Amino acid sequence: LKDSSNQILELTKEVKNLNQINQELKKKVADTDISKFIINNDKRCKFYTGIDSYEKLIALFDFIEQSAPKPHPLEVLTHFQQFVLTLVKLRLNLRLEDLGHRFNIAKSTVSKYVHIWVTGMHQVFVPTFLFWPG
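About the criteria used
- Residues numbered from 1 in each chain as written.
- Predicted model: local features only at pLDDT ≥ 70, side-chain atom pairs only at ≥ 80, totals over all residues.
- Heavy atoms only, no water.
- Axes fitted to C-alpha atoms, helices over the stretch in contact; angles between N-to-C directions.
- Helix = DSSP H or I, 4+ residues; strand = E, 2+ residues; numbered from the N terminus.
- Parallel < 35°, antiparallel > 145°, perpendicular 65-115°, else oblique.
- Contact = heavy atoms within 4.5 Å.
- Nonpolar A, V, L, I, M, F, W, Y, C, P; charged D, E, K, R; others polar.
- UniProt positions renumbered as here; feature names shortened; annotations may be inferred.
- Core = buried A, V, L, I, M, F, W, Y, C linked by side-chain atoms within 4.5 Å.
- Buried < 20%, exposed > 50% of the residue type's maximum accessible area, 1.4 Å probe, protein only.
- Domains from an automatic or database assignment.
- Salt bridge = Lys/Arg side-chain N within 4 Å of Asp/Glu carboxyl O.
- Polar contact = N/O pair within 3.5 Å; in protein donor to acceptor, adjacent residues only side chain to side chain.
- Phe/Tyr/Trp six-rings, centres within 6.5 Å; stacked < 30°, edge-to-face > 60°.

(A) Region of interest: the packing of helix H3 (residues 42-49) against helix H5 (residues 79-92). Two elements in contact, H3 and H5, have axes separated by 7 Å at closest approach and are oriented at 70°. The pairing of H3 with H5 is recorded here as roughly perpendicular in orientation. Contact residues: H3 offers Lys46, Phe47, Tyr48 and Thr49, while H5 offers Val84, Leu87, Val88, Arg91 and Leu92. Taken together, the residues of the contact of H3 with H5 break down into six nonpolar, one polar and two charged.

See the structure below:
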């Protein structure tokens, strides 16, 4: 019983430490990502995403977010940041490694987010905006 109690205390400390690290990483990403850089700046929004206004970007995100998977609790980027990252990739064709540096995430995570959001955009936009003749 005493060993179990010690293990619980150690695990509790470890969870607290990991939560603190997670919060610090989230703050670091929030301070450096492009999605904050384009807020209310239509010129930057157009350059980075191809959407000509920040308001349209938000409306498009609201429309497509319905099909996005629920965020995993350990994900560093918000859905909006993931969406912006994907649009930047599609617009500027930056390398995955470059986007990883810009958003402070691994290259493999960038690839995962781009795949998820492109798939989601396909599922939402193709039936909504493309009509095949019958």
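(B) How the structure looks around the UniProt feature "coiled-coil region" (unreviewed entry) in the protein. In this structure's numbering, the residues bearing the UniProt feature "coiled-coil region" (unreviewed entry) are residues 1-28. Secondary structure across residues 1-28 comprises 96% helix and 0% strand; the distance between its end C-alpha atoms is 41 Å.

(C) Layout of the UniProt feature "domain: Transposase Helix-turn-helix" (unreviewed entry) in the protein. Taking the numbering used here, the UniProt-annotated feature "domain: Transposase Helix-turn-helix" (unreviewed entry) corresponds to residues 77-125. A distance of 23 Å separates the end C-alpha atoms of residues 77-125, which is 84% helix and 0% strand.

(D) Here's a closer look at the environment of Leu74. Examined against the element boundaries, Leu74 turns out to sit in the loop between helix H4 (54-65) and H5. Leu74 sits 52 residues away from Asn22 along the chain, and the two C-alpha atoms are 7.7 Å apart.

(E) Focus on the nonpolar core. If you look at the biggest cluster of nonpolar residues, it comprises 28 residues, and the most contacted ones within it are Ile38, Leu57, Phe83 and Leu85. Every element with two or more residues in this core is listed here: H3, H4, H5, helix H6 (96-103) and helix H7 (107-129). No other element matches H7, which puts seven residues into this core. If sequence neighbours within four positions are ignored, Ile38 has contacts with Arg44, Cys45, Tyr48, Thr49, Tyr54, Leu57 and Val84.

(F) Here's a closer look at the domain arrangement of the protein. Considered domain by domain, the protein is made up of domain 1 (1-31) and domain 2 (34-129). Summarising the inter-unit geometry, the C-alpha centres of domain 1 and domain 2 are found 30 Å apart. Residue-level contacts link seven residues of domain 1 with eight residues of domain 2. The interface formed by domain 1 and domain 2 contains zero salt bridges. Counting across the interface, domain 1 meets domain 2 through zero residue pairs in polar contact (both at pLDDT 80 or more). Across the side of domain 1 that touches domain 2, the residue classes break down as three nonpolar, one polar and three charged.

(G) Representation of the packing of aromatic side chains within the structure. For the coordinates displayed, the defined rule picks out seven aromatic pairs. Ring geometry for Phe63 and Phe125: centres 6.3 Å apart, planes at 10°, overall stacked. Within this pair, whereas Phe63 is found in helix H4, its partner Phe125 is found in helix H7, the two being separated by 62 residues in sequence. Put simply, the rings of Tyr54, Phe61, Phe80, Phe83 and Trp117 touch in pairs and so form one group of aromatic residues.

(H) How the structure looks around unusual backbone geometry. Phi is positive for Asn93, close to 50°, though the residue is something other than glycine. Residue placement: Asn93 occurs in the loop between H5 and H6. Residue classification places Asn93 among the exposed residues on the basis of a relative accessible area of 57%. In this structure, Asn104 takes a positive phi of about 55° despite not being glycine. Examined against the element boundaries, Asn104 turns out to sit in the loop between H6 and H7.

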